Amino acid sequence: MITQTVTIRNKQGFHVRPAQQFADRAGQYEAQVTVVTEDGRRADGKSMLELMTLGLEAGSVVTIEAAGPGDEEAVRALAELVDGKFGEE
């Protein structure tokens, strides 16, 4: 399993568009992807609805976990997406 901790930096937090982008990107990989909050709540990284239930705001710290084929690439790509503020300011 590969993990990386990231901070949600876009002003609007993890709203519908970023959650969809994240789920779509995670779906490009065979690896199982999970997002884990600081308080231990978990969501399937390939499910926009599960990601939305986390209620992540700007400044939230989460860990991206991936296991299986392409796990390193998946974590790297997803961390870059988050670090890039999902293309938002």
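Residues numbered from 1 in each chain as written. Predicted model: local features only at pLDDT ≥ 70, side-chain atom pairs only at ≥ 80, totals over all residues. Heavy atoms only, no water.

Evaluation of the coordinates by the stated rule reveals 3 salt bridges. Salt-bridge contacts for Arg17 lead to Glu88; the nearest nitrogen and oxygen are separated by 3.0 Å. Taken together, the positions of Arg17 in helix H1 (residues 16-26) and Glu88 in the segment after helix H3 (71-83) put the pair 71 residues apart, joining distant regions of the chain. Using a relative accessible area of 37% as the deciding quantity, one classes Arg17 as partly exposed. Looking at Glu88, the relative accessible area reads 15%, which means it is buried. (Salt bridge = Lys/Arg side-chain N within 4 Å of Asp/Glu carboxyl O. Helix = DSSP H or I, 4+ residues; strand = E, 2+ residues; numbered from the N terminus. Buried < 20%, exposed > 50% of the residue type's maximum accessible area, 1.4 Å probe, protein only.)

So, on to the sheet that holds strand S1 (residues 2-7). The strand order S1-S4-S2-S3 describes an open sheet built from 4 strands, whose pairing is antiparallel. Among the strands making up the open sheet, the edge pair consists of S1 and strand S3 (42-44). Pairs of neighbouring strands in the sheet enclose a mean axial angle of 25 degrees, with direction left out of account. Note that S1 and strand S4 (residues 61-67) share 6 bridges and pair antiparallel. From the neighbouring strand, Thr3 faces S4, where its bridge partner is Glu65. This element, H3, spans S1, strand S2 (32-37) and S4 of the sheet and lies at about 0 degrees to S1. (Pairing = 2+ DSSP bridges. Axes fitted to C-alpha atoms, helices over the stretch in contact; angles between N-to-C directions. Contact = heavy atoms within 4.5 Å.)

Keep in mind these numbers describe shape, not what the thing actually does.
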